Amino acid sequence: MPATDKTDRTMTSVTAQEALDFHSQGRPGKLEIAPTKAMATQRDLSLAYSPGVAVPVKAIAEDPATAYDYTTRGNMVAVISNGTAILGLGNLGALASKPVMEGKSVLFKRFADVDSIDLEVDTENVDEFVNCVRFLGPSFGGINLEDIRAPDCFIIEQRLREVMDIPVFHDDQHGTAIIAAAGLINALALTGRDFKTTRLVCNGAGAAAIACIELIKAMGFNGENVILCDTKGVIYKGRTDGMNQWKSAHAVDTDRRTLTEALEGADVFFGLSAKGALSTEMVLSMAPKPIIFAMANPDPEITPEEVARIRDDAIVATGRSDYPNQVNNVLGFPYIFRGALDVRASTINDAMKIAAAEALASLAKEDVPDDVAAAYQGNRPRFGPQYIIPVPFDPRLISAIPIAVAKAAMETGVARKPITDLADYAQQLSARRDPIASTLQRIFERVRRQPKRIVFAEGEEVQMMRSAIAYANQQLGTAILLGREEQMRETAEREGIDLNRAGIQIVNARLSKRVGAYTDFLYARLQRKGYLFRDVQRLINNDRNHFAACMVALGDADGMVTGLTRNYSTALQDVRRCIDAKPGHRVIGVSIALCRGRTVLVADTAVHDMPSSEELADIAEEAAGLAKRLGYVPRVALLAYSTFGHPSGERSERVREAVKILDKRRVDFEYDGEMAADVALNQRVMEQYPFCRLSGTANVLVMPAFHSASISTKMLQELGGSTVIGPLLVGLDKSVQIASMSAKDSDIVNMAAIAAYNAGT
């Protein structure tokens, strides 16, 4: 089946141990329950539970529709499986499916802010499964069925749709069909074809394939022009071997009996089968400008490279993220449910599915926004054979797809709460997006397109080894581990780490042929700063930060990451002996904080203790520049304990002076200050100051001093549950990032990817 949350998964990109560590570290699993109301006082508890809770209970008893107003039902989807068809692994049971169902729930939240809980039903009996799920209906606004074998999935979905008054959606079927249909719409347009006359062959007759055929027929495809094949060949009228009612519904009157025969002169191939099912000979026999959707995962029926060697007129899509035109279910299910939930739809019908497919197809034709184009580093994707389907990190998906689905639900009469102001709804949807995850995804995508050599300076540390392997496995470039090879390999063997893989390079500073060059380079920089030649020799031979920084400075690597074995300021001093600031720039630290889907950049969180007015202005410019490079439109607030002159004080005066300096520089971003944090971050409070220059709440905060920056970001993490990335080192002439001494593998990989990203800017 095509890619979803679960199918970018050749184990060449992630090791078994990495996967186990990811799921087990910290709190096991990927989900937790968090209250949305304050629970701090006795009164809070009285309102949340007894006696206050009796009021909404009575209201719901009188009018069941109010459950959407007083409970989580309107934003809650159950992801349900019995584990009979997990990924491509087969029937491994309900409990084994739980990691996948948790992952699906996470993606609901990540992409569309839909709350979700996974339910694993331990039965293979269709009647038992249906009865279990149907009686859970009052708890949820929708049901997402997953990883259930065919034909049981057809029966279960149909029966549940008949007895439940909420959307029931088997994503393995319909999600795949919707994304494939979107790509097909555009491929047909590019090749001058239409739905009525195009000939399509589908190989594979499972849940996804049947759903694809049913959806394109609902969209206008001529059933006589669609041939469905399974492992026994063409499904034709009169065939009895291996048939069921779902296959029989798509049997055609034809004398073709094999996939090879079916593909002769065909316009389109849909593959939902197995690796290698489509041969080059079959591709050669297809019509001019063939459309090939090889959607088997993790390996397609035929690769784009194989097609390109024999045909230069083909449009190819796969389920893989490392090829153009990825058929990825995550483009569909979060947003489809978002739209359905927001109008309280009783079902997800064909009109809603078609609306989603058409919205996706239209989105691919529009100009790509900057924050998507940033991932392609100057090679902006444009509608054409290599770009017929939007990419998963396109920020416009959250508004485009749910609106189309909601409108279709309203037009077909299944919406129980119609939306009257679609423009306002679009703004609400955009506010739900998780921007920091999108930012990181854009960074990773761009680095994959232009891989970089990153030095992991503390290469003998287990965390660094694991991070280097993850960096290489994710195809971000070459990971250079710095250290003693023998020591490193002993540690790796003890910890079960495999260093013998592509993309890993080990460098021993003492044995390197570049020691002389690095020593000469560093001595030239430090000889008038109290260092003797032998002092510099010791630094290069014995200190990996200095050696790594010289590698980067002299172009033997593109960037470096360090920080596990010494504190931030010490590591920064090491690096600064080897690398200067960019001309005209100031070196600062910027942390990225995410709290409840809201992203804010905080500066300076690493370098300047008590910055002057001039330094504050510089910090504001550097932080705004980073925001732009990450795809944000900066709105900079220069913070203080006072707001626009009250109360007065020396520190506030410095901030006010920094604003005047920015005025003189005529910078090209929004800024204002001095202001307190609540003014900067709360639109209602900001509106009390109509003269404030910011057009909205700030997304870049310039702190008045290092101590306030450090304290605030750490408090956000520990008390506010925020995710904080950084501090990111900004302003150096070469790309270096310093992780914290407590960094996890994933943190270090993020820092390495950011170092690689910055190396290309």
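That block above? That's the structure.
In this text the structure is predicted, and so the values were computed from the model without any measurement.

It is the contact of helix 6 (residues 126–134) with helix 7 (residues 152–163), at a shortest axis distance of 10 Å, that shows an interaxial angle of 35°. Handedness of the helix 6/helix 7 crossing: right-handed. For the pair helix 6 and helix 7, the contacting residues are V126, D127, F129, V130, V133 and R134 in the first and D152, I155, I156, R159, L160 and V163 in the second. Within the contact of helix 6 with helix 7, the residues separate by chemical class into eight nonpolar, no polar and four charged.

Two numbers describe a pair of packed helices, the interaxial angle and the distance between the axes. Axis separation between helix 26 (residues 613–629) and helix 27 (residues 650–665) bottoms out at 8 Å; the angle between their running directions is 60°. One element, helix 26, and the other, helix 27, form an angle in the oblique class. Helix 26 and helix 27 meet at a crossing whose hand is right-handed. In this structure, helix 26 contributes S613, E614, L616, A617, D618, A620 and E621 to the contact, and helix 27 contributes R654, V655, E657, A658, I661, L662 and R665.

Turning to the sheet that holds strand 1 (residues 76–81), a few remarks are in order. In spatial order, the strands read 2-1-3-4; together these four strands make up an open sheet with parallel pairing. Every other strand in the sheet has two partners, leaving strand 2 (115–120) and strand 4 (168–170) as the edge strands with one partner each. Neighbouring strand axes in the sheet, compared pairwise and without regard to direction, differ in orientation by 25° on average. Here four bridges tie strand 1 to strand 3 (residues 142–145), and the two strands are oriented parallel to one another. Its bridge partner lying in strand 3, I80 is registered against L145. Across the sheet, helix 7 lies against strand 3 and strand 4, angled at about 165° from strand 4, the strand it touches most. Across the face of the sheet, helix 14 (residues 333–342) comes into contact with strand 1, strand 3 and strand 4 while running at roughly 160° to strand 3.

What follows deals with the state of the cysteines. For the coordinates displayed, the defined rule picks out zero disulfides. Summary of cysteine pairing: C202 is not part of a disulfide, and the nearest cysteine sulfur, belonging to C212, is at 6.3 Å. With no disulfide partner, C550 has as its closest neighbouring cysteine sulfur the one in C578, 3.9 Å distant. Taking the relative accessible area as the measure of exposure, C550 reaches 0% and is therefore buried.

Taking burial as the measure, the six residues of strand 1 include six buried ones, the bulk of the element. Side chains M76, A78 and I80 project from strand 1 onto one buried face, and the interleaved V77, V79 and S81 project onto a second face that is buried too. Examined bridge by bridge, strand 1 and strand 2 share six bridges and lie parallel to one another. Opposite V79, over in strand 2, you have D118 as the bridge partner. Handedness of the β-α-β unit built from strand 1, helix 5 (residues 98–112) and strand 2 comes out right-handed.

Attention now goes to helix 17 (residues 397–411). Between the first and last C-alpha of helix 17 there are 21 Å, a value that for 15 residues agrees with the 21 Å anticipated at 1.5 Å per step. The buried count for helix 17 comes to 11 of 15 residues, which makes it a mostly enclosed element. Within helix 17, burial applies to L397, I398, S399, I401, P402, I403, A404, V405, A406, A408 and A409. Positive phi shows up at G413, right after helix 17, with a value of about 80°.

Let us look at the packing of aromatic side chains. Tallied over the entire structure, the rule returns 13 aromatic pairs. One aromatic cluster is present, formed by F108, F169, F333 and F337 through successive ring pairs. In this structure, R257 packs its charged tip against the face of Y236, placed 3.6 Å from the ring centre.

Formed by 107 residues in total, the largest nonpolar core has its most connected members in I143, L200 and F270. Tallying contributions element by element places helix 8 (residues 171–190) first for this core, with 10 residues. Excluding its chain neighbours within four sequence positions, the residues that come into contact with L200 are L184, I213, I216, F221, N225, V226, I227, V268 and F270. If you look at the next biggest cluster of nonpolar residues, it comprises 66 residues, including Y471, I506, V730 and A743.

Reading the values: rules and limits
Residues numbered from 1 in each chain as written. Predicted model: local features only at pLDDT ≥ 70, side-chain atom pairs only at ≥ 80, totals over all residues. Heavy atoms only, no water. Axes fitted to C-alpha atoms, helices over the stretch in contact; angles between N-to-C directions. Helix = DSSP H or I, 4+ residues; strand = E, 2+ residues; numbered from the N terminus. Left-handed = near helix turned anticlockwise from the far one by under 90°. Contact = heavy atoms within 4.5 Å. Nonpolar A, V, L, I, M, F, W, Y, C, P; charged D, E, K, R; others polar. Parallel < 35°, antiparallel > 145°, perpendicular 65-115°, else oblique. Pairing = 2+ DSSP bridges. Disulfide = S-S within 2.5 Å. Buried < 20%, exposed > 50% of the residue type's maximum accessible area, 1.4 Å probe, protein only. Right-handed = clockwise from strand over helix to strand, strands pointing away. Expected span 1.5 Å × (residues − 1). Phe/Tyr/Trp six-rings, centres within 6.5 Å; stacked < 30°, edge-to-face > 60°. Lys NZ or Arg CZ within 6 Å of the ring centre and 35° of its normal. Core = buried A, V, L, I, M, F, W, Y, C linked by side-chain atoms within 4.5 Å.

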